[in-house]
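Coordinates in review
Now for the letters of each chain:
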Amino acid sequence: MNFAELVLKNRTYRRFDESFRIGDQTLKELVNLARLSASGANRQPLKFLLYTKPEDCSRIFPSTIWAAYLKEWQGPESGERPSAYIIILGDTSITDQFGVDHGIAAQSIMLGATNQGLGGCMIASIRKEDLRKELAIPQLYEILLVLALGKPVEKVVIDDIKNDDIKYWRDKDRVHHVPKRSLDELILKL
Ligand SMILES: Cc1cc2nc3c(=O)[nH]c(=O)nc-3n(C[C@H](O)[C@H](O)[C@H](O)COP(=O)(O)O)c2cc1C
């Protein structure tokens with residue numbers, strides 16, 4: 001897989017083979033990719049919590065909110081839920097301005113996961129106070145992103161955008177469609 005193919009394959013996946021477990025070492029390798037990534041003023045204020053055990057995954061899942069555009073879908077069912085999570089925290093003893101560091105870290109982790117045949121979903125819609133309580137996350141750390149990871153079982157395709165409709169949708173075969181704006185629309189000529 002060349003780099004463009006990796007980026008294309010690195011879609012958001014929301015249904016997984018939950019019986020496929022991910023090892024702690026895999027998550028450590030993925031966080032190492034985040035460690036090597038860019039950081040504003042090189043402050044490196046991010047911290048990471050890693051979870052792979054089924055019982056931990058069950059504690060995290062209720063605090064995550066999935067696919068707001070798929071109104072009739074409440075998120076992955078049991079058997080198709082993530083088998084690991086990386087929670088990205090901001091360490092407020094270093095700074096209270098995390099800028100775009102967590103986005104950069106998340107993308108490095110997701111590209112690394114895709115490269116290993118895994119996939120996942122960056123989740124910013126988090127029931128943060130529930131999650132903080134459930135995992136006993138100290139107030140010192142701001143909860144920035146949850147990365148849900150697993151072995152994807154869904155097909156995701158990119159479509160050209162129609163009628164300016166950016167909402168992703170699922171067809172009758174449960175193929176997930178993601179409309180993307182054209183390159184011509186993105187590149188401005190002033
Ligand atoms: C910062 C960020 C936050 C996101 N939060 C959520 C979320 O809370 N729940 C969810 O199901 N998807 C979430 N997503 C996934 C987006 O919906 C997804 O990236 C978008 O539909 C485009 O699909 P693609 O990643 O395959 O290109 C998030 C993505 C990003 C970048």
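Heads up: the structure comes first, above all this text.
Residues numbered from 1 in each chain as written. Predicted model: local features only at pLDDT ≥ 70, side-chain atom pairs only at ≥ 80, totals over all residues. Heavy atoms only, no water.

**With respect to the sheet that holds strand β4 (residues 141-150)**
Taken together, the four strands give an open sheet; going across it, the order is β1-β2-β4-β3, and neighbouring strands pair in antiparallel fashion. Edge positions in the sheet fall to β1 (46-51) and β3 (119-123), since each of these pairs with one other strand and no more. Averaged over all neighbouring strand pairs, the angle between strand axes comes to 20°, with direction disregarded. In the sheet, strand β2 (residues 84-91) pairs with β4 via eight bridges, with the strands oriented antiparallel. Paired with Asp-91 across the bridge in β4 is Tyr-141. (Pairing = 2+ DSSP bridges. Helix = DSSP H or I, 4+ residues; strand = E, 2+ residues; numbered from the N terminus. Axes fitted to C-alpha atoms, helices over the stretch in contact; angles between N-to-C directions.)

**Describing the site of the ligand**
Surrounding the ligand, one finds 14 residues, the nearest of these being Arg-11, Thr-12, Arg-14, Ala-67 and Lys-180. At 2.5 Å from an oxygen atom of the ligand is found a side-chain nitrogen or oxygen belonging to Thr-12. One of the backbone N or O atoms of Ile-65 is found 2.9 Å from a nitrogen atom in the ligand. Burial of the ligand by the protein amounts to 71% of the accessible area it has alone, namely 610 Å². Listed by contribution, the elements that provide at least two residues to the shell around the ligand are β3 and β7 (176-180). Broken down by element, the residue count for the shell around the ligand peaks at three residues, all from β3. The class makeup of the residues in the shell around the ligand is nine nonpolar, two polar and three charged. (Near = heavy atom within 4 Å. Polar contact = N/O pair within 3.5 Å; in protein donor to acceptor, adjacent residues only side chain to side chain. Areas by Shrake-Rupley, 256 points an atom, 1.4 Å probe, with all protein chains shown as cover. Nonpolar A, V, L, I, M, F, W, Y, C, P; charged D, E, K, R; others polar.)

**Comments concerning the side chain of Ser-39**
Along the chain, the position of Ser-39 falls in the loop between α2 (24-35) and β1. The exposure class of Ser-39 is buried, given its relative accessible area of 17%. Those residues within four positions of Ser-39 in sequence are excluded, and the remaining contacts are Gln-44, Pro-45 and Asp-101. (Buried < 20%, exposed > 50% of the residue type's maximum accessible area, 1.4 Å probe, protein only. Contact = heavy atoms within 4.5 Å.)

**A short note on the pattern of salt bridges**
Should their charged atoms come close, side chains of opposite charge can pair. By the definition in use, this model includes 10 salt bridges. For the salt bridge of Glu-129 with Arg-132, the shortest nitrogen-to-oxygen distance reads 3.7 Å. Of this pair, Glu-129 and Arg-132 both sit in helix α5 (residues 128-135), three residues apart, roughly one helical turn. The class for Arg-132 is buried, based on a relative accessible area of 10%. Here the residues in one salt-bridge network are Arg-15, Glu-80, Glu-154 and Arg-170, joined through shared partners. (Salt bridge = Lys/Arg side-chain N within 4 Å of Asp/Glu carboxyl O.)

Remember that the coordinates give geometry; whether it matters functionally is a separate question.
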